[in-house]
Amino acid sequence: MSNDPIPTGEPVAGKLVVISGPSGVGKSTVVAEVLQCCGDRVRLSISATTRPPRAGEQEGTDYYFLSDEEFARRRTAGEFLECAEVFGRGHWYGTLWSEVRPSLKDGKWVILEIDVKGAADVQDAFGNLITIFIRPGSLEELERRLRSRGTETEEAIQRRLSVARSELQLADRYKYQVVNDTIPRAVDEICTILQNQGLSHD
Ligand code: ADP
Ligand code: 5GP
């Protein structure tokens, strides 16, 4: 989709950090710990989606859960920095400008946990961003994780594995690749990347 970059002249003090990786690789798990260890300067952008909530997921914490109509209305109104239909099954996901712009102006580092299509759109709109691709140790391990989460039907698992294969082929478009073999190692590697890029604690 076409983007609406922050207008020229508007000060941008913070940084965008794009994190992608196949569904089930452990992005949410790892990012939750990165947020714990990086302090107040880093926050996670909560995406909007039209997929239904999973058991335990909360509105405004995990996602903003929108109807198809509301998502389309906001898309037309230009409220998304990027959005994409991720698994080709009519479920849309998108990053709201309202999640990003105020935090960037505030000097925060904002993590976008988004798919490879969305990441490419953000890359086109922003020059200065950090891109990290989280990889599984192997596709077999990815499948084990997707199954262990117990949130997807067999059909959805197969769809996610097929999307994963094409996403993995695009991993070298990212500045950094991190293998999530163990959670502490992946968290440590990402925190080190952010620090090397200039993140300091408040
Ligand atoms: P994503 O956000 O990428 O879809 P999740 O964070 O939901 O993935 O993780 C998928 C499943 O894998 C969860 O059950 C999670 O507890 C588990 N998991 C995440 N990282 C690891 C790891 N390094 N080793 C083993 N299991 C993991
Ligand atoms: P899930 O349905 O497992 O929560 O998320 C599926 C995938 O949607 C994630 O692996 C992530 O890459 C992608 N995703 C989540 N939020 C966004 C978003 O705001 N924009 C885009 N483009 N993709 C997203």
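What you are looking at is a predicted structure, and each value in this text was computed from that prediction instead of being measured.

### Comments concerning the site of ligand 2
Item 1. Of all residues adjacent to ligand 2, which total 19 residues, the nearest are S47, R51, Y63, Y93 and D115.
Item 2. Measuring from an oxygen atom of ligand 2, one finds a side-chain N or O atom of Y93 at 2.6 Å.
Item 3. Measuring from a nitrogen atom of ligand 2, one finds a backbone N or O atom of E113 at 3.4 Å.
Item 4. Protein contacts shield 95% of the accessible area of ligand 2, which totals 510 Å² for the unbound molecule.
Item 5. For the shell around ligand 2, the elements supplying multiple residues, two or more each, are β5 (80-85) and β6 (92-96).
Item 6. Grouping the amino acids of the shell around ligand 2 by side-chain chemistry returns six nonpolar, five polar and eight charged.

### Description of the site of ligand 1
Item 1. Close to ligand 1 lie 16 residues; G24, K27, S28, T29 and R149 are nearest.
Item 2. At 3.0 Å from an oxygen atom of ligand 1 is found a main-chain nitrogen or oxygen belonging to G26.
Item 3. Between ligand 1 and K27, the relevant distance is 2.8 Å, taken from an oxygen atom to a main-chain nitrogen or oxygen of the residue.
Item 4. When ligand 1 sits alone it has 560 Å² of accessible area, and the protein chains cover 76% of it.
Item 5. Every element with two or more residues in the shell around ligand 1 is listed here: α1 (27-38) and α5 (139-149).

Criteria and cut-off values
Residues numbered from 1 in each chain as written. Chains lettered and ligands numbered in written order. Predicted model: local features only at pLDDT ≥ 70, side-chain atom pairs only at ≥ 80, totals over all residues. Heavy atoms only, no water. Near = heavy atom within 4 Å. Polar contact = N/O pair within 3.5 Å; in protein donor to acceptor, adjacent residues only side chain to side chain. Areas by Shrake-Rupley, 256 points an atom, 1.4 Å probe, with all protein chains shown as cover. Helix = DSSP H or I, 4+ residues; strand = E, 2+ residues; numbered from the N terminus. Nonpolar A, V, L, I, M, F, W, Y, C, P; charged D, E, K, R; others polar.

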